[in-house]
Amino acid sequence: MVVAVADPSSVASAGASPLPHPTRAQLEFEFLTGLLWNAAEASPARADAAAIRALSRIPGLTAERGIADAAGRPAIGLSDTGDEQQLLLDPRTYQVTGLRTVSNGTWPVNVMKRGGPTWPQGKVLFSLAWAQIDPVRRPGRC
């Protein structure tokens with residue numbers, strides 16, 4: 001039998017944000033990025049455009065150009081107030097291509113060093129990208 005144990009302070013309760021004391025803007029960003037990521041290539045372009053317009057209205061939204069997604073493709077990283085969580089968009093089409101987490105020098109804490117230093121600012125800690133998406137025409141057929 002395998003038993004997994006997690007540090008209770010590292011796990012958000014059901015329905016809660018993993019951010020400590022999130023602002024309304026952070027919650028809106030978290031919701032819209034989750035919606036766009038989970039619906040990538042399955043939602044109508046107009047719906048994606050509406051969600052991206054809503055993202056652009058979040059106060060403090062920042063865009064980082066000149067970065068790459070996990071597949072090595074050029075990307076624009078959107079984050080709220082320079083936050084560490086980024087939604088990655090194709091710079092030509094604005095389609096969602098990935099997600100990534102970048103350390104700001106104080107968050108996230110390096111769990112391998114209890115109470116010790118965090119990751120260096122700018123270090124990419126997590127990166128995920130859509131590499132290929134194939135529509136399914138019917139069960140068992142691509």
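Residues numbered from 1 in each chain as written. Predicted model: local features only at pLDDT ≥ 70, side-chain atom pairs only at ≥ 80, totals over all residues. Heavy atoms only, no water.

## Thoughts on the packing of helix α1 (residues 24–38) against helix α2 (residues 45–56)
- The N-to-C vectors of α1 and α2 enclose an angle of 160 degrees; their axes lie 10 Å apart at closest approach. In terms of axis orientation, α1 runs roughly antiparallel to α2. As for how α1 packs across α2, the hand of that crossing is left-handed. Note on element contacts: α2 touches α1 through D48, A51, I52, A54 and L55, opposite F29, L32, T33 and L36.
- In terms of residue class, the contact of α1 with α2 is made up of seven nonpolar, one polar and one charged. (Axes fitted to C-alpha atoms, helices over the stretch in contact; angles between N-to-C directions. Helix = DSSP H or I, 4+ residues; strand = E, 2+ residues; numbered from the N terminus. Parallel < 35°, antiparallel > 145°, perpendicular 65-115°, else oblique. Left-handed = near helix turned anticlockwise from the far one by under 90°. Contact = heavy atoms within 4.5 Å. Nonpolar A, V, L, I, M, F, W, Y, C, P; charged D, E, K, R; others polar.)

## Points about the environment of Q132
- If you trace the backbone, Q132 turns up in the segment after β5 (124–129).
- Given a relative accessible area of 61%, Q132 falls into the exposed group.
- Distance in space between the C-alpha atoms of Q132 and T97 is 10.0 Å, their sequence separation being 35 residues. (Buried < 20%, exposed > 50% of the residue type's maximum accessible area, 1.4 Å probe, protein only.)

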